[in-house]
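# Tertiary structure, described
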2 protein chains.
Amino acid sequence: MSHPSRRVFLTSLATAAMAPVVRGRRVLAQNLPARVDATALRQRIEALSMFGRPSAGTFADGVSRVAYSDADVAGRRYSIDLMHAAGLDPRVDPAGNIFGRRAGTDESLPPILFGSHIDSVPNGGNFDGDLGSLAALGALEALAAVNLRTRHPLEMVIWSAEEGVAFGRGLNGSRIVAGDVKPADLDAVWNGMTRADAIRKIGGDPGRIMDAIRSRGAHHCYLELHIEQGGTLEREGIPVGVVEGIVSIDRYDVTATGFANHAGTTPMADRQDALLAASHLTIAVRQIVDSEPGRHVGTVGRLDVTPNAPNVIPGVAQLTIELRDLSSEKLTRLAERIRLRAAEIARDTKASIEFTSSNHSAPANAALDVQEAIERSAGRLGLASQRMPSGAGHDAQMMAQLSPMGMIFVPSVRGVSHSPLELTRWEDCARGADVLLGTVLEMDRA
Amino acid sequence: MSHPSRRVFLTSLATAAMAPVVRGRRVLAQNLPARVDATALRQRIEALSMFGRPSAGTFADGVSRVAYSDADVAGRRYSIDLMHAAGLDPRVDPAGNIFGRRAGTDESLPPILFGSHIDSVPNGGNFDGDLGSLAALGALEALAAVNLRTRHPLEMVIWSAEEGVAFGRGLNGSRIVAGDVKPADLDAVWNGMTRADAIRKIGGDPGRIMDAIRSRGAHHCYLELHIEQGGTLEREGIPVGVVEGIVSIDRYDVTATGFANHAGTTPMADRQDALLAASHLTIAVRQIVDSEPGRHVGTVGRLDVTPNAPNVIPGVAQLTIELRDLSSEKLTRLAERIRLRAAEIARDTKASIEFTSSNHSAPANAALDVQEAIERSAGRLGLASQRMPSGAGHDAQMMAQLSPMGMIFVPSVRGVSHSPLELTRWEDCARGADVLLGTVLEMDRA
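Residues numbered from 1 in each chain as written. Chains lettered and ligands numbered in written order. Predicted model: local features only at pLDDT ≥ 70, side-chain atom pairs only at ≥ 80, totals over all residues. Heavy atoms only, no water.

## Structural notes on the overall build of chain A
Summing up its helical and strand segments, chain A has 12 helices and 18 strands in all. Its C-alpha radius of gyration of 24 Å places chain A within 12% of the 22 Å reference for a compact globule of 446 residues. If one aligns the C-alpha atoms of chain A with their principal axes, the spans along those axes are about 85 × 50 × 45 Å. In chain A, buried positions account for 60% of the 446 residues. Excluding contacts between residues fewer than 6 apart, the proportion of contacts in chain A whose partners are at least 24 apart in sequence is 80%. (Helix = DSSP H or I, 4+ residues; strand = E, 2+ residues; numbered from the N terminus. Rg over C-alpha atoms; globule rule 2.2 N^0.38 Å. Buried < 20%, exposed > 50% of the residue type's maximum accessible area, 1.4 Å probe, protein only. Contact = heavy atoms within 4.5 Å.)

Listed below in structure tokens is the structure:
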């Protein structure tokens, strides 16, 4: 869509952006017409960290701001106040998502939506979600500061309940907006609260929950800045990751059943040791995952032994196998190899091994034009970038159902996340915020 | 010690016993001068099973008669009543052990002590301990029925708190009698009870706890009939096991420490997966134990993963390694091999592995002359017997510190114990009781 009459606001930017087409990994920096205030961004991330900080802790002690907790409510209040001060007229939708809007020159165009979340896992870090949320605010303020108005309306969002701690992932704010909700979902109970009460607590309106759904095409595109949560960018010394897509996740619940018996009186040859079977399977998962090239991962993260006593041969071992890749076909193939190996292990250990598929999420691809816009934006800032999958789930996954989607990653020191040790250097936070702003402007031209 | 003037009571027995020396595994049955009432034994085992039986359960549903519970108190009351009826003048010592005595012809001789326990593990079976306790009573009744008096006084015992569920094994009644107790031990708390209160609840006298201690040489010998709890006797079709000793147990607490991280964003090559290390170690324990000939066993019975979530790489895995054998040297050698292998695993998986020795119990050997007495007793009944180690701990382990000790095992169907499925056939119970009686008489001659 071209609206020549409105392009005046972007002339200086467009001219600059047209100049050197990004080739290779590093180009000279070009001026952006606006920059996100890096000092304010840092101060706000530090201020937000107070809500859910361990008592007597410091910023380095991380945060527990689980969705629907009092800390979450306080953090949301702080964010809403910032949005008010920025003149964004924030509003909370029936699902508890916080939206702020800046008008475009053509209000008939669908908005460019961008943001992230501020809820955390228990004992989480201060960058996961917070950076993308506060950088979105910073980007809107930066445009206001230079009085630069885009063609498309711009909308920032702070999604509710991204981490899926409360009620699992079923009530993520972005999932509801994507239409994956039904009124009966509100009856579930967590921590003594119904989902309806939880949504009410954060200012949502469970009675109108279906009104939170947006339709396909509701946005021009969706953008999200996020910390990588892995160590690839830091290790390779690249400041910007361009997400190719969010991986598919296949999860299996596996039960190995042997026979619990006295650890002193049962000869080795007579044993049916469920933990021995589970140990072989845990190693098999690793070996099979490692045996194929690619960036897929596989994890046995949970293992519960019954009866779990030093002097009793384990009778039952329950474990989870989680596989992630952009290719669903690869995941199916890996799972099939693991099952075949499990059958051999069951035979060798005289235990039975049962698989149940407990989760399958399809991959969500980032739009190629958005990936290219991110690369151009990074290039204009003189920042090298690298395409990569996102191994973690994000709100962008849901938003990919409604419009083209793209994500910007910035380096996580040592790849640590969901931990108080989670860290992204302040200069990388600032770079990411500017790449987000630049991408908004790039996409506004599309 | 020889007391010719008193041997008259045993003449008929002695004559019979002298005749065919037991060679090989099967000999013709010789008459015992007395036999345990098998019907009464069965009825009493069934009656005792009522105390701690699951509500609406049957005998086959097992028993939960944990020491110091109301069920334990009721089961003890039932047993004491039986002993009263048998004219044994039962008394409860300060530790809560129940003793009953039948005078010998020479009361200056130390008594032959025999018995077992009636407390159970939670969801245990109806033979572990119960058989040996009620068979001891049956043996004394059998001698009374034929008016056969031994030279040595005979003493039966029902030990308190053998299973070590309450307060661990530290307050076993037999352990106290062996002298391993100090007054401060009584202050520990379990289930809201102090040890002192617990002992008081079962009729003991914590204020006089040190008076329960018996001295070395207090008994002529100690005998215990018990179910095997393993499957060797049943599989080999041999009705009587002659215990060579109670194994040494070495237990290690092992902690594998990796690094907890996001299961989606951490490439396989960057992982330090504590569960992967623990899995390799679990398999190594099995392989090393299997690699040496012998009847030693090794078990990883407990494994706890932190944080134990499907989407987090395990950061810590804590496990127990338990090794059992009659030879302490073999256990030390096996542990050393396991440690060496653990160091390799730590290197390969980039996790650290720390060992802490959490328990070492020395082996308790059965006296050779008692083993031979059991073999003669079995032989006179026409029962094949086999020497074997006891992989499980027993009160006999403590009593071995005070006098020569011997144990008689009878077959456990499918080797199941500490389970409602625990089963010893009634004919094997009766055979075991008669072997016990015969061994008492054999030892009386020694």
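## Observations regarding the environment of Val157(A)
Residues and elements named next belong to chain A. Structurally, the position occupied by Val157 is in strand β4 (residues 154–159). For Val157, a relative accessible area of 0% puts it in the buried group. Expressed as a C-alpha distance, the spacing of Val157 and Ala136, which sit 21 residues apart in the sequence, is 7.8 Å. Setting aside its immediate chain neighbours within four residues, Val157 contacts Asn97, Ile98, Phe99, Leu113, Phe114, Gly115, Ser116 and Tyr222.

## As for the nonpolar core
Of all hydrophobic cores here, the largest spans 62 residues; its most connected members are Ile321(A) and Ile321(B). Residues within four places of Ile321(B) in sequence aside, it is in contact with Asp250(B), Arg251(B), Tyr252(B), Val254(B), Leu281(B), Val285(B), Thr299(B), Val300(B), Ile338(B) and Phe355(B). (Core = buried A, V, L, I, M, F, W, Y, C linked by side-chain atoms within 4.5 Å.)

## Side note on the packing of helix α4 (residues 130–145) of chain A against helix α12 (residues 426–445) of chain A
Residue and element names in this part refer to chain A. Where α4 contacts α12, the two axes come as close as 9 Å, and the packing angle between them is 55°. In terms of orientation, α4 and α12 fall into the oblique class. As α4 packs across α12, the resulting crossing turns out to be right-handed. Here Leu131, Ala135, Ala136, Ala139, Ala142 and Leu143 of α4 lie close against α12, whose contacting residues are Cys429, Ala433, Leu436, Leu437 and Leu441. (Axes fitted to C-alpha atoms, helices over the stretch in contact; angles between N-to-C directions. Parallel < 35°, antiparallel > 145°, perpendicular 65-115°, else oblique. Left-handed = near helix turned anticlockwise from the far one by under 90°.)

## A short note on the relation of the copies chain B and chain A
Here the second copy of the chain follows from the first by a rotation about an axis and a shift along it. Here chain B sits on chain A after a turn of 179° about the axis and a move of 0.1 Å along it, with an RMSD of 0.2 Å. As the rotation angle and translation indicate, the two copies are arranged about a two-fold axis. Among all residues of chain B, the one whose C-alpha sits closest to the rotation axis is Ser279(B), at a distance of 2.2 Å. Mapped onto chain A, 100% of the interface residues of chain B again fall at the interface, so both copies present the same surface. (Least-squares fit on C-alpha atoms with pLDDT ≥ 70 in both.)

## Topic: the pattern of salt bridges
Within this structure, the stated rule accounts for 56 salt bridges over all chains. As a salt-bridge pair, Arg337(A) and Glu292(A) come within 3.3 Å of each other at their nearest N and O atoms. Of the two residues, Arg337(A) is situated in helix α9 (residues 328–349) and Glu292(A) in the loop between α8 (274–290) and β11 (297–299); the sequence distance between them amounts to 45 residues. Two residues, Asp211(B) and Arg208(B), come together in a salt bridge whose shortest N-O distance is 3.3 Å. (Salt bridge = Lys/Arg side-chain N within 4 Å of Asp/Glu carboxyl O.)

## Here's the deal with the interface of chain B and chain A
Buried accessible area, meaning the area lost when the parts come together, often serves as the stated size of an interface. If you look at the interface, chain B gives 55 residues, while chain A gives 55 residues. Interface area, chain B with chain A, both sides summed: about 4,500 Å², of which 56% is carbon and sulfur. When residues of chain B are sorted by the area they lose upon contact with chain A, Met268(B), Arg286(B) and Pro310(B) head the list and together hold 15% of the total. Taken together, the links from chain B to chain A amount to 2 salt bridges. Linking Asp270(A) and Arg235(B) is a salt bridge whose minimum nitrogen-to-oxygen distance equals 2.5 Å. Linking chain B with chain A are 18 residue pairs in polar contact (both at pLDDT 80 or more). Contributing elements (two or more residues each) for the side of chain B that touches chain A: α7 (232–236), β10 (261–262), α8 (274–290), β11 (297–299), β12 (303–306), β13 (312–313) and β14 (316–325) of chain B. (Buried area = accessible area lost by both parts, 1.4 Å probe. Polar contact = N/O pair within 3.5 Å; in protein donor to acceptor, adjacent residues only side chain to side chain.)

In short, the description is geometric, and any link to function would need to be established separately.
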